[in-house]
Amino acid sequence: MSQGLKPTTDLSNRIARVYPSLSNGHRRAADFVLQHPLDVATMTIEGLAEGSGTSNATVTRFVRALGYGNYGEFRVALSSALKFALDPVDSFAGARSAAGSTFATFVDALSDQSANLQAARDALDEATTTRAIEALLKARRVFIAASGASHHVASFLEDGLALYLDADVTFASSRAGPERAIRHMLSARPDDLVVAISVPRYSRTTLDLASFAKKRGSTLLALTDGPTSPLANIADITLFAPARNRFLPNSPTAIFALADALITAIARERPDAVEALKGLSESLLWTFHH
């Protein structure tokens, strides 16, 4: 798992894992933490006990149930989680105060994307890219998992691959939430491929779906920003595209370019690609503006 991601997901995962087994008092403490994380980060144990309507002893047992040695250790973990979540806000505030004209900001944003695209191209490895394309071509079915900033990339990839692949292509996590996505993944088999897409701040839902598919034996292709991504740690094949943006938490531009390149390469490899594109063009003929 990415070191940058661990504090925020570790704490929330701990609460999610133990929540069903918690007593009513412990659940009140957990609910208060989840609803008021900023306040709790600066609270004493007495403050959390009072705020959650419990006692010091209950709070102590609650943090121990989460696996922390004491309340101080728990509060450090919470502070780390908040720092991770709010770092993009601080970066945006700093960049905004240092920015020049609106036009300069516009140009800087384009420069960031140009740099991301160049870095993505420089990071390409022929053997890895070939493996990714071969995995797509031989898959029985292709499931795509993505959310947040990566959602639109996944939708674009689904449309493109569906046109040129013989396999069934499904954007699993776009179908009525994570529960429906899990149902899709329940049918995943070793001859299926899962494409997981995520950039900072990484989606826990996407990571969970990817991990679930791996347990089912499916091949995992990850499109993500760099080697420290949690997806890179579990993927069979990974293609990297930086998502840096000096003003915003991330940018999916270079990941979009990777998706576009995959579709282009797949189209070229399909024996009847010309006929497929011709058929599409003919069917859409009267929708075009001439």
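Just so it is clear, the model here is predicted, and its values are computed rather than measured. (Residues numbered from 1 in each chain as written. Predicted model: local features only at pLDDT ≥ 70, side-chain atom pairs only at ≥ 80, totals over all residues. Heavy atoms only, no water.)

Novice: Describe the pattern of salt bridges, naming the residues involved and giving the relevant values.
Specialist: Summed over all chains, the structure comprises six salt bridges. A salt bridge links Asp 192 to Arg 141, with the shortest nitrogen-to-oxygen separation between them at 2.8 Å. Taken together, the residues span a long stretch of sequence, with Asp 192 in the loop between α10 (178-186) and β3 (193-198) and Arg 141 in strand β1 (residues 141-146) at a distance of 51 residues. Look at Asp 192 and you get buried, because its relative accessible area is 2%. You can call Arg 141 buried: its relative accessible area is 16%. For Lys 214, the salt bridge identified is with Asp 236, shortest N-O distance 3.0 Å. Placement of the pair is Lys 214 in helix α11 (residues 204-215) and Asp 236 in the loop between β4 (219-224) and β5 (237-240), with a sequence separation of 22 residues. (Salt bridge = Lys/Arg side-chain N within 4 Å of Asp/Glu carboxyl O. Helix = DSSP H or I, 4+ residues; strand = E, 2+ residues; numbered from the N terminus. Buried < 20%, exposed > 50% of the residue type's maximum accessible area, 1.4 Å probe, protein only.)

Novice: Could you give me a rundown of a nonpolar patch on the surface, with the residues and numbers involved?
Specialist: Together, Phe 103, Phe 106, Val 107 and Leu 110 give the surface a local cluster of nonpolar side chains, amounting to about 450 Å² of exposed area. Judged by its relative accessible area of 64%, Phe 103 falls in the exposed class. (Patch = residues over 30% accessible without salt bridge, like charges linked within 9 Å, V, L, I, M, F, W, Y side chains within 5 Å. Areas by Shrake-Rupley, 256 points an atom, 1.4 Å probe, with all protein chains shown as cover.)

Novice: Account for helix α5 (residues 56-65), naming residues and giving values.
Specialist: Along α5, the residues that are buried comprise Thr 58, Val 59, Phe 62 and Val 63. Looking down the long axis of α5, one finds its buried residues gathered within 130° of arc, a one-sided arrangement. One or two residues past the end of α5 sits Gly 67, with phi positive at roughly 100°. (Arc of directions from axis to C-beta.)

Novice: Which residues make up the sheet that holds β1, and what values go with them?
Specialist: Read across the sheet, five strands follow the order β2-β1-β3-β4-β5 without closing on themselves; strand pairing throughout is parallel. The sheet terminates laterally at β2 (168-171) and β5, the two strands that pair on one side only. When strand polarity is set aside, the average angle formed by the axes of neighbouring strands in this sheet is 15°. In this fold helix α8 (residues 126-138) packs onto β1, β3, β4 and β5, with an angle of close to 120° to the strand it touches most, β5. (Pairing = 2+ DSSP bridges. Axes fitted to C-alpha atoms, helices over the stretch in contact; angles between N-to-C directions. Contact = heavy atoms within 4.5 Å.)

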